[in-house]
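Structure at a glance
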Amino acid sequence: MGTASSTLTQYDIEDVQEHCNNLFSQQEIVSLYKRFCQLDRSAKGFISADEFLSVPEFAMNPLSQRLLKMVDGLNFKDFVIFLSAFNPKASTPQKIELIFKVYDSDYNGKVSFQDIMEVLRDLSGSFMSDKQIEEVLIKVLEEAGYSKDSSLLLGDFVKILDHPGLKMEVEVPVD
């Protein structure tokens, strides 16, 4: 499994399905495998950062450089697990965990005020000044019971973002 010349066995499909908590049907896993093989142009069994950048929607994403750190070198199973967070059936905590990883650029398990500022800068572009971003961020953190000096752990992110009114509807089409 994982190279363009190989095919998925029923065992492979079920194994991948189990590892992604059954968020994808077997047919969707086969579709994802075809897409994976298209991206894996050199049939190495994994997708490089450059190959990910060949997807226009990915390349245009303001967070693409952060996401590239997360996806560079993924094999097929890890590719599907990564995409699971974008599945409409994914739980809010699963989606929040992906968001946390995007913000945790040094992978130390903590997100600092500066980490959040960097992501918000990337997202807002020139629409907001650093001062405006900082003011909004300080207010949001204070409302959630944190300060500018706080380092947030995954549980803190869940506490802040896991609210019924908050929608996280980023999806990746499978077919």
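This text goes with the structure placed above it.
My aim in this report is to walk through the structure given alongside it, one point at a time. Note that the structure is a prediction, hence the values are computed from the model and not measured.

Right, let's talk about the overall build of the chain for a bit. Along the chain, the regular secondary structure elements total 10 helices and zero strands. Seen in sequence order, the chain has helices and strands lined up from the N terminus as α-α-α-α-α-α-α-α-α-α. Counting every position in the chain, which comprises 175 residues, the buried fraction comes to 40%. Restricting the contact set of the chain to residue pairs at least 6 apart, pairs at least 24 apart contribute 57%. Only carbon and sulfur atoms are counted for the fraction: they give 54% of the accessible area of the chain, which is about 10,100 Å².

Right, let's get into the layout of surface pockets. Volume-wise, the second largest pocket comes out at about 360 Å³. Taken together, 16 residues form the lining of the second largest pocket, with Ile-81, Phe-82, Ala-85, Glu-97 and Lys-101 sitting closest to its centre. Elements supplying a minimum of two residues to the lining of the second largest pocket: helix 6 (76–84) and helix 7 (92–103). For the lining of the second largest pocket, the class distribution of residues is nine nonpolar, four polar and three charged.

Let's shift gears to the packing of aromatic side chains. Two aromatic rings, taken as a pair, are described by how far apart their centres are and by the angle between their planes. Throughout the structure, instances matching the rule amount to nine aromatic pairs. Relative to Phe-157, the ring of Tyr-103 lies with its centre 5.5 Å away and its plane at 65°, an arrangement referred to as edge-to-face. Of the two residues, Tyr-103 is situated in helix 7 and Phe-157 in helix 10 (residues 154–161); the sequence distance between them amounts to 54 residues. The residues Tyr-103 and Phe-157 share a single accessibility class, namely buried. Among the aromatic residues, those joined into a ring-pair cluster are Tyr-33, Phe-36, Phe-52, Phe-58, Phe-76 and Phe-79. A cation sits over an aromatic face here: Lys-44 above Phe-46, 5.0 Å from the ring centre.

Right, let's talk about the pattern of salt bridges for a bit. Evaluated as defined, the whole model comprises 10 salt bridges. Across the salt bridge formed by Asp-40 and Lys-44, the nearest N and O atoms sit 3.5 Å from each other. Overall, the relative accessible area of 35% leaves Lys-44 in the partly exposed class. Between Arg-66 and Glu-118 there is a salt bridge, with the nearest N and O atoms lying 3.0 Å from each other. Of this pair, Arg-66 sits in helix 5 (residues 64–71) while Glu-118 is found in helix 8 (residues 113–124), placing the two residues 52 residues apart along the sequence. A residue is classified by how much of its surface remains accessible, and Glu-118, at 30% relative accessible area, is partly exposed.

Quick look at helix 10 now. Turning to helix 10, its buried residues are Asp-156, Phe-157 and Ile-160. For helix 10, the angular spread of the buried residues around the axis is 100°, confining them to a single face. Looking at the buried positions of helix 10, the neighbouring elements they touch are helix 7.

With that settled, the discussion passes to helix 7. Taking 1.5 Å of rise per residue, the 12 residues of helix 7 would be expected to cover 16 Å, and the 17 Å separating its terminal C-alpha atoms lies within 8% of that figure. Turning to helix 7, its buried residues number three or more, namely Lys-95, Ile-96, Leu-98, Phe-100, Val-102 and Tyr-103.

Criteria and cut-off values
Residues numbered from 1 in each chain as written. Predicted model: local features only at pLDDT ≥ 70, side-chain atom pairs only at ≥ 80, totals over all residues. Heavy atoms only, no water. Helix = DSSP H or I, 4+ residues; strand = E, 2+ residues; numbered from the N terminus. Buried < 20%, exposed > 50% of the residue type's maximum accessible area, 1.4 Å probe, protein only. Contact = heavy atoms within 4.5 Å. Areas by Shrake-Rupley, 256 points an atom, 1.4 Å probe, with all protein chains shown as cover. 1 Å grid on protein atoms, 1.4 Å probe; cavity = no way out; pocket = protein on both sides within 12 Å on 5 of 7 lines; lining within 4 Å. Points joined across faces, edges and corners; volume = space filled by probe spheres on them. Nonpolar A, V, L, I, M, F, W, Y, C, P; charged D, E, K, R; others polar. Phe/Tyr/Trp six-rings, centres within 6.5 Å; stacked < 30°, edge-to-face > 60°. Lys NZ or Arg CZ within 6 Å of the ring centre and 35° of its normal. Salt bridge = Lys/Arg side-chain N within 4 Å of Asp/Glu carboxyl O. Arc of directions from axis to C-beta. Expected span 1.5 Å × (residues − 1).

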